[in-house]
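Chains, contacts and geometry: an overview
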Amino acid sequence: MLKIFKTILICIVSFIIMGLSVLYGFSSFFAPNNMDEALIPDAASQFYDITGNPIYTTLSEERRIPVTIDKIPKHTQLAFIAIEDNRFYEHGGIDYRGTLRALFSTLSGGEVQGGSTITQQLAKNAFLTQERTIIRKIKEAFIAKELEHKYTKDEILSMYLNQIYFGQGAYGIEAASMYYFGKHVQDLDIAESATLAAIPKSPNYFNPFENPQESKKRQELVIDQMVKYGFINESQAETAKAEKLSLMTSHKKNDDPRSYFFDMISQKVIDELGADALYKGGLKIYTTLDSDMQKAAEESLGYLPNYYTDDGGLTQPQVALVAVDPHTGYIKAMIGGRGQDKFNRATLAVRQPGSAFKPFVYLTAMQNGFTPASVIEDKEEEFAPGWTPQNSDLKWHGKVSLRTALTRSLNVPTIKLAREVGVDKIVANAEKMGITTLVDSGPYADTNLAMALGGLSKGVNPLEMAAAYAVLADSGNYHKPIALLKIVDRDGKVLYEAEPSSKKVIDAVAAYMTVHMMEDVLVSGTAGGMGIGRPAAGKTGTTDTFIDAWFVGFTPDLCTAVWVGDDNNSPMNGMYGSGAPLSIWHDFMIKALASTPKSSFINPGVNIPSEPKIEQDDDKKDKDKDKTKDAKQKEQKADDKKQSDSSAKNTGTAPAKRSMKERVQDLIGEPVVSNKPTPSK
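So, how was this worked out
- Residues numbered from 1 in each chain as written.
- Predicted model: local features only at pLDDT ≥ 70, side-chain atom pairs only at ≥ 80, totals over all residues.
- Heavy atoms only, no water.
- Helix = DSSP H or I, 4+ residues; strand = E, 2+ residues; numbered from the N terminus.
- Buried < 20%, exposed > 50% of the residue type's maximum accessible area, 1.4 Å probe, protein only.
- Contact = heavy atoms within 4.5 Å.
- Areas by Shrake-Rupley, 256 points an atom, 1.4 Å probe, with all protein chains shown as cover.
- Axes fitted to C-alpha atoms, helices over the stretch in contact; angles between N-to-C directions.
- Parallel < 35°, antiparallel > 145°, perpendicular 65-115°, else oblique.
- Left-handed = near helix turned anticlockwise from the far one by under 90°.
- Nonpolar A, V, L, I, M, F, W, Y, C, P; charged D, E, K, R; others polar.
- Phe/Tyr/Trp six-rings, centres within 6.5 Å; stacked < 30°, edge-to-face > 60°.
- Salt bridge = Lys/Arg side-chain N within 4 Å of Asp/Glu carboxyl O.

Focus: the overall build of the protein chain
- From N to C terminus, the protein chain includes 23 helices and 18 strands.
- Within the span of the protein chain, comprising 681 residues, buried residues form 49% of the whole.
- Excluding contacts between residues fewer than 6 apart, the proportion of contacts in the protein chain whose partners are at least 24 apart in sequence is 70%.
- Summing over all exposed atoms, the protein chain offers an accessible surface of approximately 33,300 Å²; the carbon and sulfur share of this is 53%.

Examining the packing of helix α14 (residues 291-300) against helix α21 (residues 580-592)
- Between α14 and α21, whose axes approach to 8 Å, the crossing angle comes to 150°. The pairing of α14 with α21 is recorded here as roughly antiparallel in orientation. Crossing of α14 against α21: the hand is right-handed. Contact residues: Met293, Ala296, Ala297, Glu299 and Ser300 in α14; Ile584, Asp587, Phe588, Lys591 and Ala592 in α21.
- Looking at the contact of α14 with α21, its residues break down into six nonpolar, one polar and three charged.

Re the packing of aromatic side chains
- A complete count under the given rule lists 19 aromatic pairs for this structure.
- A ring pair is formed by Tyr179 and Phe209, whose centres lie 5.8 Å apart and whose planes are at 80°; its orientation type is edge-to-face. Taken together, the positions of Tyr179 in helix α8 (residues 173-181) and Phe209 in the loop between α9 (190-197) and α10 (212-228) put the pair 30 residues apart, joining distant regions of the chain. Phe209 matches Tyr179 in its accessibility class, with the two residues each being buried.
- Residues Phe360 and Tyr469 carry aromatic rings whose centres are separated by 6.4 Å and whose planes lie at 85° to one another, so their mutual orientation is edge-to-face. With a gap of 109 residues between them, Phe360 in helix α15 (residues 358-367) and Tyr469 in helix α19 (residues 462-473) connect regions that are remote in the sequence.

Quick look at the pattern of salt bridges
- Applying the stated rule across the entire model yields 17 salt bridges.
- In this structure, the salt-bridge partner of Glu214 is Lys217, at a minimum N-O distance of 3.4 Å. Remark: Lys217 and Glu214 occur in helix α10; sequence separation between them is three residues, near one turn of the helix.
- Judged by its relative accessible area of 19%, Glu214 is buried.
- Assessed through its relative accessible area of 53%, Lys217 is described here as exposed.
- Taken together, the shared-partner salt bridges in this structure form one network comprising Glu299, Asp587 and Lys591.

Have a look at this one:
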């Protein structure tokens, strides 16, 4: 009997030895040839602002941000080991007891069980499907042995923590940390680490957003396991269990105004490198966005009114804001709408600019011999059959300077000026300054006088308007707008780098004279009283039917275009550019430039003539009448004087002494008061 027992024992031991030999000898046969490459996980890409701070992670089927093991706190590592594989540092990749238990359950007809080690889970996630079959478990074991043979324990743990799924599209510990807690993995404490370690067993069921009670129960189980295996003490455990977690909820909102900027950048990356690179390549994408300015832009939307919700569920009116650096073309802030859709109105909406287009007319006049002090007449005129435009105040102001005409946004003087300097030149200037939506030829060409008032065949978009006005701010230099600076792959290799494009397109003297006039818009013009405490210039714009309203303004350091309008082309309750657009611009610019030193626009050496003393035709007629009256009065006074002198001689009395003022008035008549144009309301 003993002999039979010994024989059976020897057979069992031999079987075990043979089995181990097979595992070690043939594990490489089951492992993929490209194991090293396959273990590099797909990774989401991260966006960085102008200061190098991460601001966004691409949303895709897999959102993953790989990190090295030294970035993962020890207590975070131990939380996963405690709940998933407490013998991780002791076994060689396979927990035989757990595996045999799972196999026995399966062979006996019971539920297919787990029992996988961290190494086996890595093998499954990296190389195999999620099917629960014996064949897959066998393959998993062989691949796990090969992993243990090729990599250290820390390398395996690092790969595992960067592979596992945490729900909500978050793959890997860093993506999960950012998604659930809004912090990098190195900043996780014990309670947060245990919460994340609780999720992979069932990402939906143990999700703290979706099932907070069950998430809390499993978190406490993880903490208890950490105590059990000596990873933390009782005091640390009690503190961790009592901690009130601060979950990151802002990402769940659908109205992030930054989404328009991120989508624009994403499309640019796809154009350059393809979609796989963006969503799987783990790229580092460096942008021009200034986070402080972007925040100021979002806060300024408090001045945007809510009129109604349209059939598409969008609140009207909508808004666009884009701010660029006049010296570089860098896009520092962007809002393409209320965040309720994907349509970026800052770059894609082509809308009528109204009077915001007038500066192109006056700039062209400055290039063609006019000055801010040049005089033009504002009176009724039919410029085409049936087209007799009026001013917004429904008044005529007679002769006015170009400065007055621009700052008060008078229509007829602007049309006359366009006719005199040539519409072709105006359109050419606008195109040189970056406006690409103008129509040069054909029956719908913009080379007509209506263009002077912003009546365009297509329209303009806010980004190009901001870039065009920035030409004035930078002494006639055009800088092509840039939002994407650089793309770097996960190995640090630069895959793309922006090439700035700038050129001189407008004479500095003409640009400065135009700016000098536009500064008065914020002092005594259509935006009067809305200065920002530093040199600034700008122009309002309103379409006839109040569908579009603009304010585009700038300082030497920042140029911002604001558009407010109805997507469905419905009138906006009499909204002018001096309403919500100006208020948004004003609030944004003050906050955005709070830390920027004040500076003045550069004068290239031009002397701006002072405003002329303008004598209106009606004044001249009145003055001629006054002169006739004065002449008769002088003649009468002379007769009276003769009689007085004669009387004095006869009576011996001297004539009364007259003042200097009276004698001067006898010579030049009564002073004439200048009749200045009536200020617009």
